[in-house]
Amino acid sequence: MALYRFKVSDSSGKVSTLLVEGDSQAEATRRVRGRGQIPLQFLGEGGGVSGDTRLPGFGNRFDVVDFTDRLVPLLDADIPLERSLAILGEGMEGGFTTQLIGDLRRGLHEGRKFSQLIRDRGRLFPRLYANVVEAGEEAGALPAVITELHRFLTQAREFRGFLISASIYPCVVLVVSLTVLGVLLGVIVPKFAEILADSGQSLSLSTTVLLRVSAAVRSGWWLGPVGVGVVAVLAMRFQQGGRVRSWWDALVLRLPLLKRITTFAEVARFCRTLAILMRSGVPLLDTVSISTRVVQNGRFRQSLAGLEGELRQGQRLSQALANSRFIPKFVLRMVAVGEETGAVDAMLERVAARYEEDLRRMVGRLMSLFEPALIIALGLVVGFIVLLMFLAIMDMQAGL
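Residues numbered from 1 in each chain as written. Predicted model: local features only at pLDDT ≥ 70, side-chain atom pairs only at ≥ 80, totals over all residues. Heavy atoms only, no water.

Side note on the pattern of salt bridges
Defined as follows: One side-chain nitrogen of Lys or Arg within 4 Å of one carboxyl oxygen of Asp or Glu is enough to make a salt bridge. Numbering of helices and strands runs from the N terminus, with a helix taken as a DSSP run of H or I at least four residues long and a strand as a DSSP run of E at least two residues long. Type-normalised accessible area, obtained with a 1.4 Å probe on protein chains alone, sets the label of each residue: buried when under 20%, exposed when over 50%, and partly exposed for intermediate values.
Scanning all chains against the criterion turns up 15 salt bridges. A salt bridge links D63 to R157, with the nearest nitrogen and oxygen atoms 2.6 Å apart. In this pair, D63 is assigned in the loop between β3 (38–45) and α2 (64–76) and R157 in helix α7 (residues 142–199), connecting sequence segments 94 residues apart. Between R119 and E134 there is a salt bridge, with the nearest N and O atoms lying 2.9 Å from each other. Of this pair, R119 sits in helix α5 (residues 114–119) while E134 sits in helix α6 (residues 127–139), and the two are 15 residues apart along the sequence. Classification of R119 as partly exposed rests on a relative accessible area of 32%. Connected via shared salt-bridge partners are R151, R272, R279, E349 and E356.

Describing the packing of aromatic side chains
The condition is simple: The aromatic pairing rule takes the rings of Phe, Tyr and Trp, using the six-membered ring of Trp, and pairs them if the centres are within 6.5 Å, calling planes under 30 degrees apart stacked, those over 60 edge-to-face and the rest tilted. For a lysine, the NZ atom is tested; for an arginine, the CZ atom; a charge sits over a ring if that atom is within 6 Å of the ring centre and within 35 degrees of the ring normal.
One pass over the full model with this rule turns up 6 aromatic pairs. Plain terms: the ring middles of F300 and F326 are 5.5 Å apart, the flat faces sit at 20° to each other, and that makes the pair stacked. Of this pair, F300 sits in helix α13 (residues 298–303) while F326 sits in the loop between α15 (317–321) and α16 (329–341); the two residues are 26 residues apart in sequence, bridging distant segments of the chain. Both residues of the pair, F300 and F326, belong to the buried class. In textbook terms, an aromatic cluster arises when at least three aromatic residues are bridged by ring pairs, as seen for F67, F125 and Y129. Stacked on the ring of F330, the Lys or Arg R354 has its end atom at 4.8 Å from the ring centre.

What about the nonpolar core?
Stated precisely, the cut-off is as follows: Residues enter a nonpolar core if they are buried and are Ala, Val, Leu, Ile, Met, Phe, Trp, Tyr or Cys, with the set joined through side-chain atoms within 4.5 Å.
Formed by 38 residues in total, the largest nonpolar core has its most connected members in F67, L85, F114 and Y129. Of all the elements in the fold, those that place two or more residues in this core are α2, α3 (81–91), α4 (96–109), α5, α6, α7, α11 (256–279) and α12 (284–294). Take this core: its biggest share by element is 7 residues, from α2. Counting residues in each nonpolar core, the second largest holds 34 residues, with F270, L274, L304 and A352 among its members.

Describing the packing of α3 against α4
Helices that pack against each other are described as a pair by the angle of their axes relative to one another and the distance between those axes. Put simply, the rule is: Under this scheme, a helix contributes an axis fitted over its contacting stretch, all axes are lines through C-alpha atoms, and angles between N-to-C directions fall in the 0 to 180 degree range. Throughout this description, any angle smaller than 35 degrees is read as roughly parallel, any larger than 145 degrees as roughly antiparallel, any in the 65 to 115 degree range as roughly perpendicular, and the remainder as oblique. Note: crossing handedness is left-handed where the near helix turns anticlockwise from the far helix by less than a right angle, and right-handed where it turns clockwise. Residues count as neighbours in contact if any of their non-hydrogen atoms are within 4.5 Å of one another.
Interaxial distance between α3 and α4 falls to 9 Å at its minimum, and their mutual angle equals 160°. With respect to their mutual orientation, α3 and α4 come out roughly antiparallel. Crossing of α3 over α4 shows left-handed handedness. For the pair formed by α3 and α4, the contact residues are L81, E82, L85, A86, L88 and G89 on the first element and T98, I101, L104, R105, L108 and H109 on the second.

Written out as structure tokens, the structure reads:
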């Protein structure tokens with residue numbers, strides 16, 4: 001759902017700006033009227049995506065980690081949620097975040113749950129956020145849950161930052177490599193072909209292959225932008241779910257390397273969520289239900305679908321997890337030890353930290369291997385092209 005801005009008037013005639021979420025402008029307008037306010041003017045869309053809702057340099061941004069970081073100390077000080085949001089709003093410098101906080105406060109005044117308000121703004125908050133907050137509300141431990149959630153979001157942001165930092169140099173090398181090959185095949189080789197044509201010499205097989213490759217690159221350059229567009233469309237379809245997402249989820253669990261990376265990431269996410277909820281006093285069945293929904297890979301999530309039923313039948317968590325073919329035996333042993341010692345949440349925390357560190361190390365190694373491999377591949381291709389050009393020059397000299 002998108003976010004829409006309206007200039008509205010309340011029953012007292014006070015005019016203000018309101019941010020409302022809806023599937024369309026008409027639905028958002030109905031929501032405004034349902035709140036007892038009169039829409040005076042539609043100010044356009046004000047939405048964004050999860051995390052930062054605007055690009056840097058284009059107004060304020062909504063940072064869900066910063067929002068949670070500011071909220072945690074207020075809730076820990078036993079300040080009511082509505083008052084905490086009011087303090088947050090007063091500390092902001094206006095803009096999108098202030099209006100969003102004001103909208104959350106109005107929702108609380110209307111008697112709606114904080115988790116539902118967050119769920120209605122699912123594009124602004126991670127999928128985990130609303131589920132964890134709802135569990136905290138039901139358990140009466142919202143401050144503790146928000147604190148653990150902040151830890152989780154901070155660690156997730158640090159890991160995303162690591163991935164981005166690790167991928168910058170390989171991406172630069174890849175772009176430079178493609179640019180060099182494009183200039184070589186699209187500019188230099190055609191000039192070389194003109195020289196060969198003026199010499200009147202017959203072309204050798206190697207020279208013919210080189211010129212045909214160059215002609216194919218010049219005539220098919222448009223396939224590059226089209227390929228980027230197709231990838232962008234597939235990425236959007238991937239985010240929306242459906243067949244593309246199902247196909248990809250099944251594929252990554254068949255390829256050995258991608259399966260290992262996916263397993264590490266999903267196990268770490270699942271165990272971290274379990275630990276957060278258990279430590280906050282959430283009932284085990286609710287904990288398992290929420291943690292299962294956090295898993296992003298569809299096939300992996302389906303393998304955990306029967307956990308609740310197995311726990312209701314009296315099985316221990318380690319036994320129920322053993323029915324999933326994607327849960328490593330190490331995790332099962334650690335959970336079993338935690339059950340014996342009465343410290344399942346601590347064991348799950350250690351498992352999550354272990355797999356997050358293993359995932360970080362694996363990605364780092366892959367990136368470090370990718371860089372020299374790309375440079376070597378570029379050197380071989382460029383060297384092969386130069387060798388073909390040299391052979392053509394030798395043939396031309398021999399014919400003079």
